[in-house]
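# A look at the structure
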Amino acid sequence: MSASFGKPLVTLTNAGLQREGRWLVRGVDLTVHAGEIITLIGPNGSGKSTTAKLSIGILKPDEGRAERSAGVKIGYVPQKLAVDRTMPLTVRRMMTLTAKLSATEIGAALEAVGVPHLAEAEVHRLSGGEFQRALLARAIALTPDLLVLDEPVQGVDFAGEIALYDLISRIRRESGCGVLLISHDLHLVMAETDTVICLNGHVCCRGTPQSVSRSEEYQRLFGAAAARTLAVYNHQHDHTHLPDGRVLHQDGSITDHCHPGDGHHHDHPGNAHHHDHPGNAHHHDHPHPHHHDGHGHDHGPEHRHG
Ligand SMILES: Nc1ncnc2c1ncn2[C@@H]1O[C@H](COP(=O)(O)OP(=O)(O)OP(=O)(O)O)[C@@H](O)[C@H]1O
């Protein structure tokens, strides 16, 4: 583990949960440190939500241990919420059901997730994406040490997804919180993720996004196409698109267009990323990890069979 992360916030040690005679997950080891983003991936029913709930203490392990550092503040966006969306309830009220928040804290959190106008909106009238943003606002409002986000962008439109993942990265950078993220949108989250843990009832492999996407276990679970999609997001950041459409290169030169060998766009804000898909002229398969903050670590994936 990189020394540039902070203290451990939560640690699962050989954690397992059994229901109705079946192990939903077993033998899970993971630690989320301050400043670290860990992404859990895995097929439906592979135990991602269960692992998240073990981490935050909603579920107690039947085997192994779940330990949280003393006084750790956790912000949680559950996959499903036990809010009756037919009941009259404003966003402001929903945010205060789980925590005491001032009007300023509510306003700032809603602003951060891009929906400052929704404080007085009725929860049952929100679109799916607006509802997710409100949940994320609720999770970040108390400036948590650890953010646990169970598919936080479900129902959010594509541009909104990018914006929310950017926001999660920014919160991590600025507040130094740790993030445990469950996501199916691998191509969007991978670049900012420090460690990917691939679950299938147990940890089948873990490592950097690059090493996991190359591993046999990952390709067996998700198929080779998924690995190729990930490769697109191995950013090179060797050129920047200027607002007027011209291109600024690393050597300082400016041209009207990208060079054929250029890497992934380093877009200015507002430039959509959706042109960077396989088949696009900027698609590159050579692995070049997007290391940020100097704490990249491209060790190979650790495998466990079982
Ligand atoms: N209380 C329970 N009793 C029995 N089985 C359960 C219980 N809760 C969850 N399960 C089962 O445990 C398995 C893991 O569920 P979990 O929600 O952790 O998976 P997941 O990886 O988050 O799935 P998804 O991607 O579909 O959200 C599933 O097969 C689920 O049906």
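Here's what I pulled together on the structure shown here. Everything quoted here is computed from the prediction, not taken from an experiment. (Residues numbered from 1 in each chain as written. Predicted model: local features only at pLDDT ≥ 70, side-chain atom pairs only at ≥ 80, totals over all residues. Heavy atoms only, no water.)

## Things to note about the overall build of the protein
Formally: The helix and strand labels rest on DSSP assignments: H or I over at least four residues marks a helix, E over at least two residues marks a strand, and numbering proceeds from the N terminus. We call two residues in contact whenever any of their non-hydrogen atoms come within 4.5 Å of each other. Here the accessible surface of atoms and residues is derived via Shrake-Rupley with a 1.4 Å probe, and residues count as covered only by protein chains that are part of the display.
On a plain count of helices and strands, the protein comes out with nine helices and 13 strands. Residue pairs at least 24 apart in sequence account for 67% of intrachain contacts in the protein once pairs closer than 6 positions are excluded. Roughly 14,100 Å² of accessible area belongs to the protein as shown, and the carbon and sulfur atoms make up 52% of that amount.

## Here we look at the packing of helix 4 (residues 128–140) against helix 5 (residues 158–175)
What counts here: Axes, fitted as lines to C-alpha atoms, cover a helix only where it is in contact. Angles between the N-to-C directions of the axes lie from 0 to 180 degrees. For classification, angles of less than 35 degrees are called roughly parallel, those exceeding 145 degrees roughly antiparallel, those between 65 and 115 degrees roughly perpendicular, and all remaining angles oblique. Charged residues are taken to be Asp, Glu, Lys and Arg, nonpolar residues to be Ala, Val, Leu, Ile, Met, Phe, Trp, Tyr, Cys and Pro, and polar residues to be all remaining types, Gly included.
Packing of helix 4 against helix 5 leaves a shortest axis separation of 12 Å and a crossing angle of 5°. Overall, the two elements helix 4 and helix 5 adopt an arrangement that is roughly parallel. Contacts from Arg133, Leu136 and Ile140 in helix 4 reach Gly160, Leu164, Leu167, Ile168 and Ile171 in helix 5. The residue inventory of the contact of helix 4 with helix 5, partitioned by class, reads six nonpolar, one polar and one charged.

## Quick look at the environment of alanine 141
Relative to the assigned elements, alanine 141 resides in the loop between helix 4 and strand 6 (146–150). Alanine 141 sits 26 residues away from leucine 167 along the chain, and the two C-alpha atoms are 13 Å apart. Contact partners of alanine 141, with chain neighbours within four places excluded, come to Met95, Leu101, Glu105 and Ala109.

## Brief notes about the site of the ligand
Heads up, the condition is: Throughout, near means a residue has at least one heavy atom within 4 Å of the molecule or strand. We call two N or O atoms a polar contact when they sit within 3.5 Å, provided that within protein one can donate a hydrogen and the other can accept it, with sequence-adjacent residues counted only if both atoms are side-chain atoms.
Surveying the vicinity of the ligand reveals 15 residues, the closest of which are Gly45, Lys48, Ser49, Thr50 and Gln79. Glycine 47 places a main-chain nitrogen or oxygen 3.0 Å from an oxygen atom of the ligand. Threonine 50 places a side-chain nitrogen or oxygen 2.5 Å from an oxygen atom of the ligand. The protein chains hide 65% of the 640 Å² of surface that the ligand would expose on its own.

## Examining the sheet that holds strand 4 (residues 63–68)
What counts is decided by this rule: Two strands make a pair as long as DSSP finds a minimum of two bridges between them.
One open sheet holds the three strands; their spatial order is 2-1-4, and the pairing between them is antiparallel. Of all strands in the sheet, those bounded by a partner on one side alone are strand 2 (22–33) and strand 4. On average, adjacent strands in this sheet sit at an angle of 15° to one another, irrespective of strand direction. Where strand 1 (residues 8–19) meets strand 2, eight bridges bridge the pair, whose relative direction is antiparallel. Residue pairing in the sheet places alanine 15 in a bridge with valine 28 of strand 2.

## Some thoughts on the nonpolar core
The condition that has to hold: Grouping buried Ala, Val, Leu, Ile, Met, Phe, Trp, Tyr and Cys residues that are joined through side-chain atoms within 4.5 Å yields what is termed a nonpolar core. Throughout, exposure labels follow a simple rule: accessible area from a 1.4 Å probe, protein chains only, divided by the maximum for the residue type, with under 20% read as buried, over 50% as exposed, and the rest as partly exposed.
Ranked by size, the top nonpolar core spans 39 residues in total, and within it Met95 and Leu136 carry the most contacts. If you list the elements that add at least two residues to this core, you get helix 2 (91–97), helix 3 (103–112), helix 4, strand 6, helix 5 and strand 7 (178–182). In terms of residues, this core owes the most to one element, helix 4, which gives seven residues. Not counting residues up to four positions away in its chain, the partners in contact with leucine 136 are Val77, Val113, Leu149, Leu164, Leu167 and Ile168. Judged by nonpolar contacts, the second largest core, of 24 residues, contains Leu9, Leu146, Leu180 and Ile182.

## Digging into the pattern of salt bridges
How we decide: Whenever Lys or Arg places a side-chain nitrogen within 4 Å of a carboxyl oxygen from Asp or Glu, that contact is recorded as a salt bridge.
One pass over the structure, following the stated rule, counts seven salt bridges. Where arginine 92 meets glutamate 120, a salt bridge forms, and the shortest distance between an N and an O atom there is 2.6 Å. Taken together, the positions of arginine 92 in helix 2 and glutamate 120 in the loop between helix 3 and helix 4 put the pair 28 residues apart, joining distant regions of the chain. The exposure class of arginine 92 is partly exposed, given its relative accessible area of 28%. Glutamate 174 serves as the salt-bridge partner of arginine 170, at 4.0 Å between the closest nitrogen and oxygen. Here glutamate 174 and arginine 170 lie together in helix 5, a separation of four residues that amounts to about one turn.

## Side note on the environment of histidine 124
By the secondary structure assignment, histidine 124 is in the loop between helix 3 and helix 4. On a C-alpha basis, the gap between histidine 124 and serine 213 in space is 39 Å, while along the polypeptide they are 89 residues apart.

The quantities given are spatial measurements derived from coordinates; they are silent on function.
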